Amino acid sequence: MFYKGLFGVLLLVLFISQTVSAAGPVGVNLGSSGSFVILAKSGISTTGTTSIVGDMGVSPIDSTAITGFGLSMNSSNQFSTSPLVNGKAYATNYAPPTPTTMTTAISDMEIAYTDAAGRTNPTATELGAGNIGGMTLAPGLYKWSTGVTIPTSLALSGAAGDVWIFQIAQNLDVGNGVTVVLNSGAQAKNVFWQVAGQATLGTTSDVKGIILSQTAVVMKTGAKLNGRALAQTAVTLDASTVIAPTNLRVQSFRRLRMLNQQAQQTVVHERRRIMNQQEQQDLLNVRRLRLLNQQEELRALHECRIRLANQQNDVRTLEECRRLLNQEGRSIIQQPAERREEISIRN
């Protein structure tokens, strides 16, 4: 019970620390578009060995605009699968309710883009004249009236609930081999890149966050995105990797839940061990009492034999001795033959 209560408190503390103390602006609500790791209006294409972890979809264009994935239609005709996708692919020409689902998702994507673009009171404007390579940025709202380049690695440092929104009026260009690093518990799901132009992720770059592009998202050879690519035109991939952002809070809760279960199992095991020890001790005590009783009976019988042999005159004592000797005789009769012989010889 103690361990269960302790871990309940830890869960509550973790939840409060990651919600109440969040720094930066309020996160952008993606609505149903947040169910997709890639979402586009005019197509999704890939060359090379791309890896997608999560669902992807297109609308209003139909499934013919999803190329390079080798799609296989599911028997329900509501989605398709691909050896390159650890998830499902959806298109507006699939069976109901998919068309409605896709229309809603695209609408939610556009609403999310408008929300991100319309945020006011920025933490900084025109930071680095559009070049933020090598910087370490705290949570906040960052605004540029130009494009943004990241020629060298960028660090975002903040807690798990902190939020970053980047408002970029033109293109976003991430250099080849550049990494966006998340420090101190920052999460990709809380980083929003609102890009009015095209977002280009250079060869083998590693970017974190939700890309809300008013035009296209282009991922060059070997580029990796831990987040979502939500484009109002097309998403182009080349042996790229796109992984839905992990939720560290959920992972933390799962880890604490596992520790809680382990603690409860330990308590149960310890309780059983103590009970077994107590049972063993009780059994030992019973055996000791039986042994003491047997020793007392033998001592009394021995004294009776002495009194009878001496023919003491205490009538009550003699009668008691005879009664005890008679009982011993009955107990001898009830013993196995070899035990009766042993007792008789002894007497």
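Our subject is the structure that appears above.
Here's a quick rundown of the structure. (Residues numbered from 1 in each chain as written. Predicted model: local features only at pLDDT ≥ 70, side-chain atom pairs only at ≥ 80, totals over all residues. Heavy atoms only, no water.)

Some details on the overall build of the protein chain
What counts here: Comment: elements are numbered from the N terminus, with helices defined as DSSP H or I runs of at least four residues and strands as E runs of at least two. Categorising residues by exposure relies on relative accessible area from a 1.4 Å probe, with only protein chains included: less than 20% of the type maximum marks a residue as buried, more than 50% marks it as exposed, and the intermediate range marks it as partly exposed. Contacts are assigned to residue pairs that have any heavy atoms within 4.5 Å of one another. The protein chains shown are the only cover counted for residues, whose accessible areas, like all others here, come from Shrake-Rupley with a 1.4 Å probe.
Per the secondary structure count, the protein chain includes 5 helices and 23 strands. Out of the 347 residues in the protein chain, the part that is buried amounts to 37%. Restricting to contacts in the protein chain with at least 6 residues of sequence separation, those with at least 24 account for 51%. Of the roughly 18,300 Å² that the protein chain leaves accessible, carbon and sulfur atoms contribute 54%.

Quick word on the sheet that holds strand E13 (residues 154–157)
So the rule is basically this: In this scheme, strands are said to pair when DSSP sees at least two bridges between them.
Strand order in the open sheet made by the 3 strands is E10-E13-E16, with parallel pairing throughout. Taken across any chain shown, the strands that pair with only one partner, and hence form the sheet edges, are strand E10 (136–137) and strand E16 (180–183).

Some points on the nonpolar core
Short version of the rule: The set of buried Ala, Val, Leu, Ile, Met, Phe, Trp, Tyr and Cys residues whose side-chain atoms join them within 4.5 Å is what this entry labels a nonpolar core.
Among the nonpolar cores identified, the biggest contains 46 residues, and Ile38, Phe69, Ile150, Phe166, Leu172 and Trp193 are the most heavily contacted of them. With residues up to four places along the chain from it excluded, the contact list for Phe69 reads Ile44, Ser45, Thr46, Ile52, Met56, Ser82, Pro83, Leu84, Val85 and Leu237. Listed in part, the 21 residues of the second largest apolar core include Leu39, Ala105, Ile106 and Leu141.

Here's the deal with the side chain of Ser82
This is how it is decided: Any pair of N or O atoms that falls within 3.5 Å is considered a polar contact. Within protein, one atom must be able to donate a hydrogen and the other to accept it, and sequence-neighbouring residues count only if both atoms are side-chain atoms.
With respect to the helices, strands and loops of the structure, Ser82 is situated in strand E7 (residues 80–82). Within the local environment of Ser82, its side chain forms a polar contact with the backbone oxygen of Phe69, the two atoms lying 2.6 Å apart. For Ser82, the contacting residues outside a window of four places in its chain are Phe69, Gly70 and Leu71.

Side note on the side chain of Gln167
Relative to the helices and strands, Gln167 is located in strand E14 (residues 164–168). A distance of 3.4 Å separates a polar atom in the side chain of Gln167 from the backbone oxygen of Ala117. Engagement of the side chain of Gln167 in a polar contact is seen with the backbone oxygen of Arg119, the distance being 3.0 Å. The contact partners of Gln167, leaving out residues within four places of it in the chain, are Ala116, Ala117, Gly118, Arg119, Leu141, Tyr142, Lys143, Trp144 and Gln194.

Considering the sheet that holds strand E18 (residues 199–201)
Pairing is parallel in the open sheet, where 7 strands are placed in the order E5-E2-E22-E20-E18-E15-E12. The sheet is open, and its two edges are formed by strand E5 (66–67) and strand E12 (148–150), each paired on a single side.

Section: the pattern of salt bridges
Note the following rule: The salt bridge definition used is simple: a Lys or Arg side-chain nitrogen within 4 Å of an Asp or Glu carboxyl oxygen.
One pass over the structure, following the stated rule, counts 3 salt bridges. A salt bridge links Lys41 to Glu110; the shortest N-O distance between them is 2.7 Å. Here Lys41 is found in the loop between strand E1 (36–40) and strand E2 (43–47), whereas its partner Glu110 is found in helix H2 (residues 98–117), with 69 residues between them in sequence. Judged by relative accessible area, Lys41 falls into the partly exposed class, the value being 23%. A salt bridge links Arg119 to Asp115; its shortest N-O distance comes to 2.8 Å.

By themselves, these figures tell us nothing about what the structure is for.
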